[in-house]
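Structural overview
Chain by chain, the residues run as shown.
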Amino acid sequence: AYGLIPAFHMDAAAAGSDSAADYILYNGKVVTVDSKFSLAQAVAVKNDKIIAVGTDDQVLALATDKTERIDLRGKTLLPGITESHSHLTQAAESEFFGEIYIPPSIEELLNYVAKKAESLKEGEWIYFRNTYPTRLKEYRFPTLKELDSAAPKNPVFVDGAYAGQANSYAMKIAKIDENTPQPPVGEMVKDPATGKPTGVFLRSQSLVTRHYPGVRKLNHEQRMEALRKLTRNYNQLGITSVIDGGTVPD
């Protein structure tokens, strides 16, 4: 596709003969997404607003000597996509210092944990963000036994936003055992036979994650840089506006 346009459609004749376009994109396949999902050839823009959509002849009639003409050469022009639920600021800041590793399977997750533990001191954290069971090949969290085997001397937490899985070292740091009472919200899953925690926390991950030191804090300019970078990536995928699913005044 050549680029992006707002989802708006208007016949060229309705623009008026005295309308002079700032620029015209023509000779393309313009996807209007109107009620008939009709296709056009050209778009005229004035003052950052679409003033006409139609055939090449209709729209080029709005050109003057000052109008920039952009030949799409048969390429498709698409409306911009609105992402209806994103976490823009958190996503941008989370990868400012490096891309987050999202494992595709439990096997690769455990291999990553074991290798990572080799380079860490005892007690240093291994924390997985946004690692949902539905994104893993096995459609489940790794078990307590699996995480303990991969990193017996490091706290590990696999966070799936609505639930999470800790290893024994992480629960030791959080001082969680069979005597720990259930939280007021969520559930700390316990083995029905022994009463011991399984490491699964349902909407109660903070019992463990509040002990995680977290990532480095960004200053204001770093936050703005992170947002610019992420929104450029969104634009490349055709996303031109977003609705943030949760933000703060600053």
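Within each chain, residues carry numbers counting from 1 in the order of the written sequence. Thresholds applied to this predicted model are a pLDDT of at least 70 for local features of residues and 80 or more for the giving and counting of side-chain atom pairs; totals over whole chains, interfaces and linings are not thresholded and use all residues. Neither water nor hydrogens contribute to the side-chain values; these are computed over all heavy atoms in the structure.

1. Details of unusual backbone geometry
Keep in mind that most residues, glycine aside, have a negative phi and that most peptide bonds are trans. Here Asn47, not a glycine, exhibits a phi torsion of approximately 55°, which is positive. Comment: elements are numbered from the N terminus, with helices defined as DSSP H or I runs of at least four residues and strands as E runs of at least two. You can see Asn47 is positioned in the loop between strand E5 (42–46) and strand E6 (49–54). Here's how the labels work: a residue is buried when its accessible area is under 20% of the maximum for its type, exposed when over 50%, partly exposed in between, all with a 1.4 Å probe on protein chains only. For Asn47, a relative accessible area of 57% translates into the label exposed. Of note in this structure, Ala161 is not a glycine but carries a positive phi near 70°. With respect to the helices and strands, the residue Ala161 is situated in the loop between strand E11 (156–159) and strand E12 (163–166).

2. Brief notes about the sheet that holds strand E14 (residues 197–202)
Across a sheet, strands are paired by hydrogen bonds formed along the backbone, either parallel or antiparallel in direction. Strands sit in the order E10-E11-E12-E14-E13 across an open sheet of five strands; the sheet is mixed. Lying at the two open borders of the sheet, with one neighbouring strand each, are strand E10 (126–128) and strand E13 (187–190). Geometrically, the sheet is characterised by an average inter-axis angle of 20° between neighbouring strands, direction not taken into account. When DSSP finds two or more bridges between a pair of strands, those strands are recorded as paired. By the bridge criterion, three bridges tie E10 to E11 in an arrangement that is parallel. Across the sheet, residue Tyr127 finds its bridge partner in E11, namely Phe157. Against the sheet, helix H4 (residues 106–118) touches E10 and E11, its axis set at about 150° to E10. Axes here refer to lines fitted to C-alpha atoms; in helices the fit is confined to the stretch in contact. Angles between the N-to-C directions go from 0 to 180 degrees. In what follows, a contact means two residues having at least one pair of non-hydrogen atoms within 4.5 Å.

3. So, the pattern of salt bridges
In the sections that follow, a salt bridge refers to a side-chain nitrogen of Lys or Arg positioned within 4 Å of a carboxyl oxygen of Asp or Glu. Enumeration over the complete set of coordinates arrives at three salt bridges. In this structure, Glu93 and Arg223 form a salt bridge, with 2.7 Å as the shortest nitrogen-oxygen distance. Taken together, the residues span a long stretch of sequence, with Glu93 in helix H3 (residues 88–94) and Arg223 in helix H8 (residues 220–236) at a distance of 130 residues. For Glu93, a relative accessible area of 24% puts it in the partly exposed group. Measuring nitrogen to oxygen at the nearest pair gives 3.1 Å for the salt bridge that ties Glu146 to Arg140. Taking the relative accessible area as the measure of exposure, Arg140 reaches 33% and is therefore partly exposed.

4. Some remarks on the pairing of strand E8 (residues 76–79)
Across the two faces of E8 the burial differs, with Leu77 and Pro79 buried and Thr76 and Leu78 not buried at all. As paired elements, strand E3 (residues 29–31) and E8 share two bridges and run parallel to each other. Looking across to E8, one finds that Lys29 is bridged to Thr76.

5. A closer look at H4
Over its 13 residues, H4 runs 19 Å from end to end, which matches the ideal 18 Å to within 8%, given 1.5 Å per residue. For H4, the full list of buried residues reads Ile106, Leu109, Leu110, Val113 and Ala117. Take H4 and look down its axis: the buried residues cluster within an arc of 95°, on one side only. Across from the buried face of H4, at angles greater than 90 degrees, the exposed residues are Glu107, Lys115 and Glu118. Every helix has an expected span of 1.5 Å times one less than the residues it contains. As used here, the arc is the angular range of directions from the helix axis to the C-beta atoms.

6. Quick word on the side chain of Ser86
In this structure, Ser86 sits in strand E9 (residues 81–86). Under the relative-accessibility criterion, Ser86 is labelled buried at 6%.

7. Overview of the packing of aromatic side chains
Only rings of Phe, Tyr and Trp enter the pairing, Trp through its six-membered ring, and a pair is recorded when the two centres are within 6.5 Å. The plane angle decides the type: under 30 degrees is stacked, over 60 is edge-to-face, the rest tilted. Across all of its chains, the model carries seven aromatic pairs by this definition. On the numbers, 5.6 Å between centres and 65° between planes, the contact of Trp125 with Tyr212 is edge-to-face. In this pair, Trp125 sits in the loop between H4 and E10 while Tyr212 sits in the loop between helix H7 (206–209) and H8, placing the two residues 87 residues apart along the sequence. For Trp125, a relative accessible area of 14% translates into the label buried. What makes Tyr212 partly exposed here is its relative accessible area of 21%. Geometrically, the ring pair formed by Tyr127 and Phe157 is stacked, given 6.2 Å between the ring centres and 25° between the ring planes. Highlighted residues: Tyr127 in strand E10 and Phe157 in strand E11, separated in sequence by 30 residues. The same class applies to Tyr127 as to Phe157, namely buried. Among the aromatic side chains, those forming a connected cluster through ring pairs are Trp125, Tyr127, Phe157, Phe201 and Tyr212. Geometry around Tyr169 places Lys172 over its ring, the cationic atom sitting 5.7 Å from the centre. Here Arg216 stacks its cationic end above the ring of Phe97, 3.8 Å away from the centre of that ring. The rule is short: NZ of Lys or CZ of Arg within 6 Å of the ring centre and within 35 degrees of the ring normal puts a charge over the ring.

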